[in-house]
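Secondary and tertiary structure notes
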Amino acid sequence: KFKPDLFLDFSTMYSGPAAFLAGKPYVTFTDTEHTGIYRKLINPFCRAVYTPDCFEKDLGEKHHRFHGLMELASLHTKYFDPRPDVLKKLGVTEDEKFAVVRFVRKNAWHDLGKREFPDIQKMELVKSLQSLGKVFISSEGHLPDELEPFRLDVPSHEMHHVLSYATLVAGEGATMAAEAAVIGTPAVYISRLHPGYLN
């Protein structure tokens, strides 16, 4: 029933075959160098792949680079205005220091085979950040029982507002680290994976 003229995505494995079957062009974006497994499944279908110019791999003749970061599409100062009302949900004031910790579940294609943060290290990180003030955890999956009270309970569309008022963002989420940095919040990224856009 829906007849698109163009398929555009952030490197999923679904749009390419669908575009091929529909006989329509497929354009994709990526900013993650360690996506080799599914990159091979996407490339045959796409007409063009766009990356930030800091992307550290060459993806061939279909590869086009742009000056900027994906995060600027929504977080550039032309488009993003931090809303202080989100702080009420956190129970903090505008001048109160707090940290946001990010844990990811490692179930994305580019994370296959990668280890998650052990619970003991999650607890150590949160404990060390409590010297700053309150700590809020954004976690895609399981948290030890001791850390559940720290779980952030705000809708995902308000997360950038939380990041903009945080004193520090720390954790294993590269995207959230980049978002915080673009907004101007100091970020500490903890991972063995080093996407070029974080440089």
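This section reports on the structure supplied with the text. All values reported here derive from a predicted model rather than from experimental measurement.

A few words now on the sheet that holds strand β7 (residues 168-171). In space, the four strands of this open sheet follow the order β6-β5-β7-β8, with parallel pairing throughout. With partners counted over all chains shown, the strands left at the sheet margins are β6 (134-139) and β8 (187-189), one partner each. Averaged over all adjacent pairs, the angle separating strand axes in this sheet is 15°, with direction ignored. Summarising the sheet, strand β5 (residues 98-103) and β7 pair through four bridges and their orientation is parallel. The partner of Ala99 across the bridge, within β7, is Leu168. Its contacts with the sheet put helix α5 (residues 119-129) on β5, β6 and β7, and the angle it makes with β5 is roughly 165°. Here helix α7 (residues 174-183) sits on the sheet in contact with β5, β6, β7 and β8, set at roughly 160° to β8.

A word on the sheet that holds strand β4 (residues 63-66). What links the strands of a sheet is backbone hydrogen bonding, and the strands pair in either a parallel or an antiparallel sense. Across the sheet, four strands lie side by side as β1-β2-β3-β4; this open sheet has parallel pairing. Since the sheet does not close on itself, it has two edges, and those belong to β1 (7-9) and β4, each with one partner. For this sheet, the mean angle separating the axes of adjacent strands, direction not counted, is 20°. Both strand β2 (residues 26-29) and strand β3 (residues 48-52) contribute to a ladder of three bridges, which runs parallel. The residue of β3 that forms the bridge with Thr28 is Val49. Sheet strands in contact with helix α1 (residues 15-22) are β1 and β2, and its direction is about 175° off that of β1.

Conventions we followed
Residues numbered from 1 in each chain as written. Predicted model: local features only at pLDDT ≥ 70, side-chain atom pairs only at ≥ 80, totals over all residues. Heavy atoms only, no water. Pairing = 2+ DSSP bridges. Helix = DSSP H or I, 4+ residues; strand = E, 2+ residues; numbered from the N terminus. Axes fitted to C-alpha atoms, helices over the stretch in contact; angles between N-to-C directions. Contact = heavy atoms within 4.5 Å.

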